[in-house]
Amino acid sequence: MSSVSEPALRSAPATDAHSSVTVAISSFQPGVTQIPALPYAIVCMHLGPSVEVTCSRGGRLRHGREVAGDLDIIPARTPSAWETKQAGTTLIMRVPDTLLKAVASELETNPGSIEIADRFQLRDPVIEHIAWALKADVDAGGIGGRLFRESLGKALAARLLQRHNARSLPMR
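Note that the coordinates shown come from a computational prediction; the quantities given were computed from them, not determined experimentally.

## What about the pattern of salt bridges?
Turning to step 1, where the next piece is worked out: This model, assessed by the stated rule, comprises 11 salt bridges.
Turning to step 2, where the next piece is worked out: A salt bridge links Lys154 to Glu106, with the shortest nitrogen-to-oxygen separation between them at 3.1 Å. In this pair, Lys154 is assigned in helix 3 (residues 145–163) and Glu106 in helix 1 (residues 97–106), connecting sequence segments 48 residues apart.
Turning to step 3, where the next piece is worked out: Under the relative-accessibility criterion, Lys154 is labelled partly exposed at 40%.
Turning to step 4, where the next piece is worked out: The salt bridge partner of Arg149 is Asp137, with a shortest N-O separation of 3.1 Å.

## Re the confidence of the model for the protein
Interpretation of the predicted coordinates at a detailed level should be avoided for regions scoring low in pLDDT.
Turning to step 1, where the next piece is worked out: For the protein, mean pLDDT is 88; residues scoring 70 or higher make up 87% of the total.
Turning to step 2, where the next piece is worked out: The low-confidence segment residues 1–9, where pLDDT is below 50, has 24 contacts with residues more than four positions distant or belonging to other chains.

## As for the environment of Val32
Turning to step 1, where the next piece is worked out: Within the fold, Val32 resides in strand 4 (residues 31–35).
Turning to step 2, where the next piece is worked out: Sequence-wise, Val32 and Glu83 are 51 residues apart; in three dimensions their C-alpha atoms are separated by 4.3 Å.

## Some thoughts on the pairing of strand 5 (residues 40–47)
Turning to step 1, where the next piece is worked out: Counting buried positions along strand 5 gives 8 out of 8 residues, so the element sits mostly inside the fold.
Turning to step 2, where the next piece is worked out: Sheet topology places strand 5 next to strand 10 (residues 88–96); 8 bridges connect them, and they run antiparallel. Across the sheet, the residue bridging to Val43 is Met93, located in strand 10.

## Here's the deal with helix 1
Turning to step 1, where the next piece is worked out: Listed as buried for helix 1 are Leu99, Leu100, Val103 and Ala104. Looking down the long axis of helix 1, one finds its buried residues gathered within 135 degrees of arc, a one-sided arrangement.
Turning to step 2, where the next piece is worked out: Buried residues along helix 1 sit against strand 10 and helix 3.
Turning to step 3, where the next piece is worked out: After helix 1 finishes, the residue Glu108 shows a positive phi value of roughly 60 degrees.

## Looking at the nonpolar core
Note that soluble globular proteins tend to have their nonpolar side chains buried in a common cluster.
Turning to step 1, where the next piece is worked out: Ranked by internal contacts, the top residues of the largest apolar core, which has 29 residues, are Val43, Leu91, Met93, Val95, Leu156 and Leu160.
Turning to step 2, where the next piece is worked out: Those elements giving two or more residues to this core turn out to be strand 3 (22–28), strand 5, strand 8 (71–74), strand 10, helix 1, helix 2 (125–139) and helix 3.
Turning to step 3, where the next piece is worked out: Considering every element that reaches this core, the biggest residue donor is helix 3, with 6 residues.
Turning to step 4, where the next piece is worked out: Counting residues in hydrophobic clusters, the runner-up holds 11 residues, among them Ile35, Cys44, Ile92 and Phe120.

## Side note on the packing of helix 1 against helix 3
Turning to step 1, where the next piece is worked out: Between helix 1 and helix 3, the least distance of the axes is 9 Å, while the angle of their chain directions is 75 degrees. With respect to their mutual orientation, helix 1 and helix 3 come out roughly perpendicular. Residues Leu99, Leu100, Val103, Ala104 and Glu106 of helix 1 form the contact with helix 3, whose participating residues are Gly153, Lys154, Ala157, Ala158, Leu160 and Leu161.
Turning to step 2, where the next piece is worked out: Looking at the contact of helix 1 with helix 3, its residues break down into 8 nonpolar, 1 polar and 2 charged.

What counts, and where the lines are drawn
- Residues numbered from 1 in each chain as written.
- Predicted model: local features only at pLDDT ≥ 70, side-chain atom pairs only at ≥ 80, totals over all residues.
- Heavy atoms only, no water.
- Salt bridge = Lys/Arg side-chain N within 4 Å of Asp/Glu carboxyl O.
- Helix = DSSP H or I, 4+ residues; strand = E, 2+ residues; numbered from the N terminus.
- Buried < 20%, exposed > 50% of the residue type's maximum accessible area, 1.4 Å probe, protein only.
- pLDDT = per-residue confidence, 0-100.
- Contact = heavy atoms within 4.5 Å.
- Pairing = 2+ DSSP bridges.
- Arc of directions from axis to C-beta.
- Core = buried A, V, L, I, M, F, W, Y, C linked by side-chain atoms within 4.5 Å.
- Axes fitted to C-alpha atoms, helices over the stretch in contact; angles between N-to-C directions.
- Parallel < 35°, antiparallel > 145°, perpendicular 65-115°, else oblique.
- Nonpolar A, V, L, I, M, F, W, Y, C, P; charged D, E, K, R; others polar.

In structure tokens:
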């Protein structure tokens, strides 16, 4: 069993982790991975070959086969456990509450009404494009710079608020 609280294989150069998205690419081995309740939302995008997965989160048990581009959204303060049958790689994007509240204000949304929804094996082409751009920046050693990462982080936060807030429109 492994425990992942700050997963990182490769990551972009650090910015202010309290007000911007942080990104890491993490490899995992078959078995169980525990993620404790963390103070920020997590968006994971599966990379590479498909893996069979069982996920326990928020009192729900889910099973499926994750393929490249599949997304999981873990609300802040939500512990999770994952069991995989194969090794794999995931892009992990940590989205702090301070960023979500700042973007909510810019969207003229009540920052007190933020409740990021728990999502499993989601396809969202907007988040997927943002994630691939962030991955390319990590792969290139962060050459996009702070403005690039902050802009993509704000775009990710806006999408989470507009489509993956418990009070937002349902996914189609």
